[in-house]
Amino acid sequence: MKHRAQAIVAVHLILRRGDDVLLGLRLNTGWSDGCWHLPAGHVEPGETPLDALVREAAEELGLALDPAHAELVHLLHYAEQPPRLNLFFEVRRWSGEPVNAEPGKCADLHWFSLHKLPTPLVGYAGAALAHRRRGVPYSEWAEAGSAAAR
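Rules used in this analysis
Residues numbered from 1 in each chain as written. Predicted model: local features only at pLDDT ≥ 70, side-chain atom pairs only at ≥ 80, totals over all residues. Heavy atoms only, no water. Core = buried A, V, L, I, M, F, W, Y, C linked by side-chain atoms within 4.5 Å. Buried < 20%, exposed > 50% of the residue type's maximum accessible area, 1.4 Å probe, protein only. Helix = DSSP H or I, 4+ residues; strand = E, 2+ residues; numbered from the N terminus. Contact = heavy atoms within 4.5 Å. Salt bridge = Lys/Arg side-chain N within 4 Å of Asp/Glu carboxyl O.

A. Representation of the nonpolar core in the model. Core analysis: the biggest nonpolar cluster contains 19 residues, and Ile-14, Leu-23, Leu-38 and Phe-88 have the highest contact counts within it. Where this core is concerned, the elements lending two or more residues are β2 (20–26), β5 (70–78) and α2 (123–134). In this view, Ile-14 contacts Val-21, Leu-38, Val-73, Phe-88, Phe-89, Glu-90, Val-91 and Leu-129; residues no more than four positions away in its chain are not counted. Grouped together as the second largest cluster of nonpolar side chains are 17 residues, Val-11, Leu-13, Leu-87 and Trp-111 included.

B. View of the environment of Ser-32. Looking at the secondary structure, you find Ser-32 in the loop between β2 and β3 (36–37). Residues Ser-32 and Gly-123, spaced 91 residues apart in sequence, show a C-alpha to C-alpha distance of 9.7 Å. Excluding residues within four positions of it along the chain, Ser-32 makes contact with Arg-26 and Val-122.

C. Representation of the pattern of salt bridges in the model. Applying the stated rule across the entire model yields nine salt bridges. In this structure, Arg-55 engages Glu-47 in a salt bridge whose closest nitrogen and oxygen atoms are separated by 2.6 Å. Of the two residues, Arg-55 and Glu-47, neither departs from the other in class, the shared state being buried. The closest approach of N and O atoms between Glu-80 and Arg-84, which form a salt bridge, is 2.4 Å. Bridged by salt links that share partners, the residues Glu-44, Glu-47, Arg-55, Glu-56 and Glu-59 form one connected network.

Laid out in structure tokens, this is it:
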């Protein structure tokens, strides 16, 4: 019997204020520290992706999100082992003001124009935002040098 692929599911919050998007500068996480990234996290057992999005917005930004205001705008398949399905939700309405609620993991929060994103930026997040600007709903990503990228 063949084994089916099992993927990790992650959610990413594209919090929009006009043409701007909120990014955080990663710190002390052991992964992409020193890079800007969208607020994000893994879907935990028993959660739906929207549950995870609401939870991550509260944990990372101190915001209350209504899942009805979250629009799935991009799906990115990340070819690593195990593979990852990254769901990018755009939100334009929320309750509260974003704060850095995890200063041990985030050095800074900043609004950036979607047309002038900072560097360094987590590669696949930058690619997903570029696809979002062009209205492309699906993409695939593999790190340069990985077997999946060859």
